[in-house]
Amino acid sequence: MSNSREPIRNSQAAEQRYLDDVVQKIRQAEKKAQSSIEQAETDKRSINKQFGEEVKLNYGDYATNLETALSIHQQQQMLAERENSWQESTKRLSILRRLIGNPYFARLDFQEHGEPKRETIYIGLSSFSDKNDKFLIYDWRAPISSIYYDGKLGDVTYQTPDGEQSVNISLKRQFLIKKGQIDSMFDTAETIGDQMLLEVLGEKSSTQMKSIVTTIQKEQNKIIRNTSADLLFVQGAAGSGKTSAILQRVAYLLYRYRGNLTSSQVVMFSPNQLFNDYIENVLPELGEQNMVQMTYQQFVGRRLPNYTIVDPTAQFEVPQTETAKKISKVKTELKFFKALQAYSRTLESHGMFFRDLKFQGKPYLTKEKIEEIYYSFNQNYHLGNRVDATKERLVQLLNNRVEPELRKSWVSKTIEGLDPEQLQAMYARADQEFSSSDAEYKYLARKIVTQALKPVNQGINRMRFFNINKQYLHFLAQVPQFLDLSDYGLTAAEWQAGLLETQENFKAHAIHLDDVSPYLFLFDLMTGKRGDRRMRFVFVDEIQDYTPFQLAYLQFQFPKAKYTMLGDLNQAIFTKTNSRSLLSQVQKLFDRDKTEVVQLTRSYRSTKPITEFTRAILKNGKKIDTFEREGDLPNAIVRDDQDQLGEDLLAQLKINDDRGVTTAIICKTKRESEILTKFLQSRDYPVTLIRSESQRLAAGTLVLPAYLAKGLEFDAVILWELSAANYPDEDDRQLVYTLASRAMHRLTMLATNQLTPLLEIVPEKLYVNEK
Ligand SMILES: Nc1ncnc2c1ncn2[C@@H]1O[C@H](COP(=O)(O)OP(=O)(O)OP(=O)(O)O)[C@@H](O)[C@H]1O
């Protein structure tokens, strides 16, 4: 071997010596960071002290005031510098402390093409260099680290900001290091050896998701490091690491665009708040700040604070009628988005509804007048400029009204009614002087009038002259002109009935979730709003639960961002009907050349028997591969009465508890979860019921309703009442698949009378039927 140091480091003892050396250097750096923090703190204290004394001394005339101001400015600058250095050192310190116990997880030996020397690098959570700026550890996100995840041994290439590089890899070594000691190490010729992955996957679940940097798979690495696509669409089986991959991707992007990208320019839309809590620690553990996280409902809901958003399907408690499903389909498709855009263009020449702007309870700027102004501009004005020009004219009109208003009797009455205190508050200064009492009266009158007209002014600025509700209903009435309702199996009368329902909802300050996005979009179009252009990356997880309309609306809201959308078209649990066409509809929103699709087919979450079972539930399932991890076959127990089933549940819980695995019992609805929780408590079995998404996941056995289980995982899952009564037909197939695929090590299904017929297609050898 050409590198003389290499043989020395080939045994574990030698690697340990090298590790000790690195750890010692990190410790030295830690001390240094600690002392610069202390220094910055001492400096801050002394600046503050000095500053306090100077200010006390110089509290005098104008000149010294100016001097004081200058000195304050100077002090502030000095403080800010110290603050910066304090923050830098604190951040550094926390990274160093993280590195001390586990500085790196891999070593690579390689030779760059054309270079005589072979190099050895170590890869860890963050980079670290010694006093001479020699890198002892490379960040896992550095360009060179990519070859650890990507390639086999031999000749490989990797991307750098300056283009492609080729190297020849001769060694790839993985380490499991705990508290500064090498637990085990293995050399691998594979991408990332299965041995390492097996160790990691065999671990127990917890209430917090973990980072996967040490074992990122090649396909996942593609997702993480992609910077070219405007739309990166990831279709991945349950448990294939979609969520994990995007969290590492956020960390990667923050590193790659350091200085130009902040975590506030990255937003992630996730299925529910519970899931947000579940993933909350991953980025901080990687030394990065969390991105903005919210649910789509939160995103749109904050713009409609006075409305209750109704979504009858969300919790599976109320079944939807066939007609309601069809109407819902119309309102959630891309065609509807386009129809709305087309409708908005017609408003440029006619058809906009207005409201009076009132003053003292009476129309002040009438809707007729506003309409006249709005349509007085020529056809070059689109909706956005039309509204700006209208606002301007209305403000002018309002200003012109001030003078005549001054002479009205309500103004003089108001002035007469002012008590001395109120009067005093009207003057700019206590000793304000006027040339005459007439001038004083005019001054006061003007103040009162402008004050009173303020709400009208606000109404103009906030565009209260638009009648958005009426406009939206008008649009719904016009829909048959833009779409063929018969394509959706709907008659004009059924559509009209749906419209009346929306109208009734408005009266009750409620709005159906399907109406929310079109309603806001119409308002944006009317007011010429153009979205948030600062947002650079948008992530949408569990995309199969979004409607094409919602995704189009997101794109409208963040027009400059690159999108990463992840989903499993096998798991569409809320929007069953259109999941198949979702991808094709979404692709229409982006430039074809800038769209990349990545498939993740291997399921890492579950043992092989569980993955084999869950994938058999799907009829036209996308391809799913298992990961070779052994475990028990899933088991199903069916009883004639629920009391007996309760005993079986307790018995299964005992088995799981004895094995030290944590169980989640998933029921179909919230009501069922509540009843089951009461039963278990009556039998002195401690459980935590998760009944809303604002709750936290707790340790120990959980009971939760199906709609909250999205995206989560548990050591053991018991599906309570997976019966024919609860899951009768095809509509629930994807839901059952989603629920079953939450299990990592153990899956049990319990039902009274009869198991759901959805399992009939699953070969008997894939599970144990205990009846
Ligand atoms: N490369 C990896 N190394 C180690 N663990 C991994 C890897 N990829 C995925 N996992 C583990 O597999 C499990 C499933 O990952 P994740 O939740 O990201 O999948 P998902 O595709 O989002 O699943 P779902 O669609 O079912 O919600 C997690 O426990 C995760 O830590």
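Rules behind the numbers
- Note on numbering: residues in each chain are counted from 1, in written sequence order.
- Totals for whole chains, interfaces and linings use all residues, but because this is a predicted model, local features are given only for residues with pLDDT of at least 70 and pairs of side-chain atoms are given and counted only at 80 or more.
- Comment: elements are numbered from the N terminus, with helices defined as DSSP H or I runs of at least four residues and strands as E runs of at least two.
- Counting other C-beta atoms within 10 Å of a residue's C-beta gives its exposure: the residue is buried at 20 or more, exposed at 12 or fewer, and partly exposed in between, where C-beta atoms are placed from the backbone.
- Any pair of residues counts as being in contact when their C-beta atoms, constructed from backbone geometry, are within 7 Å of one another.
- Only strands that DSSP links by at least two bridges are regarded as paired with each other.
- Where helices are involved, their axes are fitted lines through C-alpha atoms of the stretch in contact, as for all axes, and angles between N-to-C directions lie from 0 to 180°.
- One confidence number per residue, pLDDT, is output by the predictor and ranges from 0 to 100.
- Nearness here has a simple definition: the residue's C-beta atom, placed using the backbone, must lie within 6 Å of the molecule or strand.
- Any residue that is not Ala, Val, Leu, Ile, Met, Phe, Trp, Tyr, Cys, Pro, Asp, Glu, Lys or Arg is counted as polar, Gly included; the first ten are nonpolar and the last four charged.
- Residue ranges assigned to the domains are those given by an automatic or database domain assignment.
- UniProt positions are given in the numbering used here, feature names are shortened, and annotations may be inferred rather than shown by experiment.
- Roughly parallel here means an angle under 35 degrees, roughly antiparallel means over 145, roughly perpendicular means 65 to 115, and every remaining angle is called oblique.
- Crossings are classed by handedness, with left-handed meaning an anticlockwise turn of the near helix from the far one by less than a right angle and right-handed meaning a clockwise turn.
- Multiply 1.5 Å by the residue count of a helix minus one, and that product is the helix's expected span.

## Here we look at the overall build of the protein chain
Along the backbone of the protein chain there are 25 helices and 24 strands. Along the three orthogonal principal directions, the C-alpha set of the protein chain runs to about 100 × 80 × 60 Å. Expressed as a percentage of its 771 residues, the buried residues of the protein chain come to 35%. The long-range fraction of contacts in the protein chain, counting pairs at least 24 apart against all pairs at least 6 apart in sequence, stands at 74%.

## Considerations on the sheet that holds strand 9 (residues 266-269)
One open sheet holds the six strands; their spatial order is 10-9-15-16-8-17, and the pairing between them is parallel. Where the open sheet ends on each side, the last strands, each with one partner, are strand 10 (292-294) and strand 17 (595-600). In this sheet, neighbouring strand axes are inclined to one another by 15° on average, regardless of whether the strands run parallel or antiparallel. Pairing of strand 9 with strand 10, which is carried by three bridges, proceeds in the parallel orientation. Paired with Val 267 across the bridge in strand 10 is Val 292. Against the sheet, helix 5 (residues 218-225) makes contact with strand 8 (231-236) and strand 17, and its axis sits at roughly 150° relative to strand 17, the strand it touches most. Running at roughly 160° to strand 16 (residues 562-567), helix 6 (residues 242-256) makes contact with strand 8, strand 9, strand 15 (537-540), strand 16 and strand 17 of the sheet.

## Some words on the confidence of the model for the protein chain
Counting all residues, the mean pLDDT for the protein chain is 86, and 92% of those residues have values of 70 or more. Mean pLDDT values over the elements of the protein chain span from 72, in helix 21 (residues 579-587), up to 96, in strand 19 (residues 663-667). Every residue in residues 1-8 is under pLDDT 50, and counting partners more than four places away or in other chains gives seven contacts. Overall fold confidence for the complex sits at a pTM of 0.83, while the interface term, ipTM, reaches 0.97.

## A closer look at the site of the ligand
Not every one of the 23 residues close to the ligand is listed here, only the nearest: Ala 238, Gly 241, Lys 242, Thr 243 and Ser 244. Of all the secondary structure elements, the ones that give two or more residues to the shell around the ligand are helix 4 (194-201) and helix 6. Here the shell around the ligand is composed, by residue class, of seven nonpolar, eleven polar and five charged. Two domains share the shell around the ligand, each providing at least three of its residues, namely domain 2 (106-217) and domain 5 (631-769).

## Observations concerning the UniProt feature "binding site: ATP" (unreviewed entry) in the protein chain
Under the UniProt annotation, "binding site: ATP" (unreviewed entry) lies at Gly 236, Ala 237, Ala 238, Gly 239, Ser 240, Gly 241, Lys 242 and Thr 243. Examined against the element boundaries, Gly 236 turns out to sit in strand 8. When the 27 C-beta atoms within 10 Å are taken as the criterion, Gly 236 is described as buried. Every residue in contact with Gly 236, bar those within four places of it in the chain, is listed here: Lys 242, Leu 566, Asp 568, Gln 599 and Leu 600. Turning to its location among the elements, Gly 239 is positioned in the loop between strand 8 and helix 6. When the 26 C-beta atoms within 10 Å are taken as the criterion, Gly 239 is described as buried.

## Section: unusual backbone geometry
Even without a glycine there, the phi angle at Lys 179 is positive, about 45°. On the secondary structure map, Lys 179 appears in the loop between strand 6 (163-178) and strand 7 (181-187). Not every positive phi belongs to a glycine, and Asn 753 is a case in point at roughly 65°. Following the sequence through the fold, Asn 753 ends up in the loop between strand 23 (743-752) and strand 24 (768-769). Since 14 C-beta atoms lie within 10 Å of it, Asn 753 is described here as partly exposed.

## Observations concerning the pairing of strand 7
Where strand 6 meets strand 7, six bridges bridge the pair, whose relative direction is antiparallel. Residue Phe 175 lies in a different strand from strand 7, and its bridge partner there is Met 185. Linking strand 6 back to strand 7 in an antiparallel pair, the connection comprises two residues, with Lys 179 at a positive phi of about 45°.

## Structural notes on the pairing of strand 21 (residues 702-705)
Judged by which residues are buried, strand 21 turns out to be covered on both faces: Leu 702 and Leu 704 on one side and Val 703 and Pro 705 on the other are all buried. With four bridges connecting them, strand 19 and strand 21 associate as parallel partners. Bridge assignment links Ile 666 to a residue of strand 21, and that residue is Leu 704. Where strand 20 (residues 688-689) and strand 21 come together, two bridges link them in parallel fashion. Counterpart to Thr 688 in the pairing with strand 21 is Leu 702.

## Considerations on the packing of helix 13 (residues 383-406) against helix 16 (residues 437-461)
The interhelical angle for the contact between helix 13 and helix 16, taken along N-to-C directions, is 155°, at an axis separation of 10 Å. Considered as vectors, helix 13 and helix 16 are oriented roughly antiparallel to each other. Viewed along their axes, helix 13 and helix 16 form a crossing whose handedness is right-handed. Together, Lys 391, Leu 394, Val 395, Leu 398, Val 402, Glu 405 and Leu 406 of helix 13 and Lys 442, Ala 445, Arg 446, Val 449, Thr 450, Leu 453, Val 456, Asn 457, Ile 460 and Asn 461 of helix 16 make up the contact between the two elements. Residues of the contact of helix 13 with helix 16, tallied by class, amount to ten nonpolar, three polar and four charged.

## Looking at helix 19 (residues 513-527)
A turn of α-helix holds 3.6 residues, and therefore any two residues three or four places apart point the same way. An ideal rise of 1.5 Å per residue puts 21 Å on 15 residues; helix 19 measures up with 22 Å between its terminal C-alpha atoms. Counted residue by residue, helix 19 has twelve buried out of 15 residues, so it is predominantly covered. Looking one or two residues beyond helix 19, the residue adopting positive phi is Gly 528, at roughly 70°.

## Here's the deal with the sheet that holds strand 19
With respect to topology, seven strands assemble into an open sheet ordered 20-21-19-22-23-18-24, the strand pairing being parallel. The open sheet has two edge strands with one neighbour each: strand 20 and strand 24. Its contacts with the sheet place helix 23 (residues 642-658) against strand 18 (635-639), strand 19, strand 22 (714-719) and strand 23, and it is angled at close to 165° to strand 23. Each of strand 19, strand 20 and strand 21 is contacted by helix 24 (residues 670-682), which is oriented at about 160° to strand 21, the strand it contacts most.

## Some words on the packing of helix 5 against helix 6
Here helix 5 crosses helix 6 at 45°, and the two axes come no closer than 8 Å. When the axis of helix 5 is compared with that of helix 6, the two are oblique. Seen from above, helix 5 lies across helix 6 with right-handed handedness. Of the residues in helix 6, those touching helix 5 at Gln 220, Ile 223, Ile 224 and Arg 225 are Ala 245, Gln 248, Arg 249 and Tyr 252. For the contact of helix 5 with helix 6, a count of residues per class yields four nonpolar, two polar and two charged.

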